[in-house]
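Here's the letter readout for the chains.
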Amino acid sequence: MPAAPARTATDAVAPVTASVPAAGGMAARHATEITLDDALEALTVLTTAGMETHDDCAELARQARLLVGELEVMAGDLAETHNVRGPRTMKAVALLIEQVGQLAVTAQRMAKDALDAAEIAEAEEAAMARDYRPGQMATVDAGLAAPSARIHNEN
């Protein structure tokens, strides 16, 4: 009978996680990977990104509207000054004007949606700070590592 193959470093063994409380801590199943400050910071980043996206989209919409005007002037100049009036050319220019106009409408809608998202993230940040910060401060003031779950305090 051949000998069992030797184990190598590449034979990975799945890590074992404890479900018993760590020294001075809580049971692993109650631990989270995010803190209140991390959540508030993430919402701040979302708010800022939403505001910046709003500004970018509003500027895109403004410039698209300007481009529509310039294209209309160009189409008139082609027809009047340069006698470029072919139906295919005029149809192509009209289509281009229509598409740029649609870009302006879509960019304006995106600007509104980004502003709405930024306002929601800002409101959620304020609500989380208002609702969770007092409990966090009370936990620290009481010298606890973590707050007790509400279910443990209700009868």
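The structure presented is a predicted model; accordingly, all values stated were derived computationally and were not measured. Sequence order as written defines the numbering, with residues in each chain counted from 1. Given that the model is predicted, a residue must reach a pLDDT of at least 70 before its local features are reported, and side-chain atom pairs must reach 80 or more before they are shown or counted; all residues, however, enter totals for whole chains, interfaces and linings. With hydrogens and water set aside, each side-chain value is computed from the structure's full complement of heavy atoms.

Moving on, we come to the overall build of the protein. Along the backbone of the protein there are three helices and zero strands. By definition, residues are in contact when any of their heavy atoms lie within 4.5 Å. For the protein, the share of sequence-separated contacts (at least 6 apart) that also reach a separation of at least 24 residues comes to 78%. With residues, only the protein chains shown are counted as cover, and all accessible areas are computed by Shrake-Rupley using a 1.4 Å probe. For the protein, the accessible surface area stands at approximately 12000 Å², while carbon and sulfur atoms represent 60% of it. Helix numbering and strand numbering both begin at the N terminus, where a helix is a DSSP run of H or I of at least 4 residues and a strand a DSSP run of E of at least 2.

Nonpolar side chains tend toward joint burial in soluble globular proteins. Throughout this description, the term nonpolar core refers to a set of buried Ala, Val, Leu, Ile, Met, Phe, Trp, Tyr and Cys residues connected via side-chain atoms within 4.5 Å. To sort residues, take the accessible area from a 1.4 Å probe on protein chains only and compare it with the maximum for the residue type: under 20% means buried, over 50% means exposed, and anything in between is partly exposed. Core analysis: the largest hydrophobic core is formed by eight residues, namely Ala64, Val68, Leu71, Ala75, Val93, Ile97, Val100 and Ala104. If you list the elements that add at least two residues to this core, you get helix 1 (36-80) and helix 2 (87-141). Contacts of Ala64, omitting those with residues within four sequence positions, involve Val100, Leu103 and Ala104.

Moving on, we come to helix 2. Any helix carries an expected span of 1.5 Å times its number of residues minus one. Compared with the 81 Å implied by 1.5 Å per residue over 55 residues, the 79 Å span of helix 2 between its first and last C-alpha is a close match. At Tyr132, helix 2 is bent by approximately 35°, the largest bend along its length, and proline Pro134 sits one to four residues beyond. What helix 2 keeps buried is the set Val93, Ile97, Val100, Ala104, Ala107, Ala111, Ala114, Ala118, Ala121, Ala127 and Thr139. Looking at the buried positions of helix 2, the neighbouring elements they touch are helix 1. Just downstream of helix 2, Gly143 is the residue with a positive phi angle, here 75°. Working definition for bend: take the seven residues up to and ending at a residue and the seven starting at it, fit an axis to each, and measure the angle between the axes.

Once that is clear, we can look at the pattern of salt bridges. Should a side-chain nitrogen of Lys or Arg be within 4 Å of a carboxyl oxygen of Asp or Glu, the pair is scored as a salt bridge. If you walk through the whole model with that rule in mind, you get five salt bridges. Residue Arg133 pairs with Asp37 through a salt bridge whose shortest N-O separation is 2.8 Å. With Arg133 in helix 2 and Asp37 in helix 1, the pair connects residues that are 96 residues apart, well separated along the chain. Judged by relative accessible area, which is 45%, Asp37 ranks as partly exposed. The residue Arg62 makes a salt bridge to Glu59 at a minimum N-O spacing of 2.7 Å. Taken together, the residues Arg62 and Glu59, both in helix 1 and three residues apart, mark about one turn of the helix. You can call Glu59 partly exposed: its relative accessible area is 32%.

Our focus in this paragraph is the environment of Leu36. By the secondary structure assignment, Leu36 is in helix 1. Leu36 sits 97 residues away from Arg133 along the chain, and the two C-alpha atoms are 7.8 Å apart. With residues up to four places along the chain from it excluded, the contact list for Leu36 reads Met128, Tyr132, Arg133 and Gln136.

To continue, consider the confidence of the model for the protein. For the protein, mean pLDDT is 85; residues scoring 70 or higher make up 77% of the total. Averaged pLDDT values for the elements of the protein fall to 63 in helix 3 (residues 150-153) and rise to 97 in helix 1. pLDDT expresses how confident the predictor is about each individual residue, on a scale running from 0 to 100.

Throughout, an axis means a line fitted to C-alpha atoms (over the contacting stretch in the case of helices), and angles, computed between N-to-C directions, take values from 0 to 180 degrees. Where helix 1 meets helix 2, the axes come as close as 7 Å, and the angle between the chain directions of the two elements is 165°. Relative to helix 2, helix 1 is oriented roughly antiparallel. Read as a crossing pair, helix 1 and helix 2 show a hand that is left-handed. Throughout, the ten residues Ala, Val, Leu, Ile, Met, Phe, Trp, Tyr, Cys and Pro are labelled nonpolar, Asp, Glu, Lys and Arg are labelled charged, and all others, Gly among them, are labelled polar. Taken together, the residues of the contact of helix 1 with helix 2 sort by class into 32 nonpolar, eight polar and seven charged. We call two directions roughly parallel when the angle between them is under 35 degrees, roughly antiparallel when it is over 145, roughly perpendicular when it lies between 65 and 115, and oblique otherwise. Left-handed is the label given to a crossing in which the near helix is rotated counterclockwise from the far helix by less than a right angle, and right-handed is the label when the rotation is clockwise.

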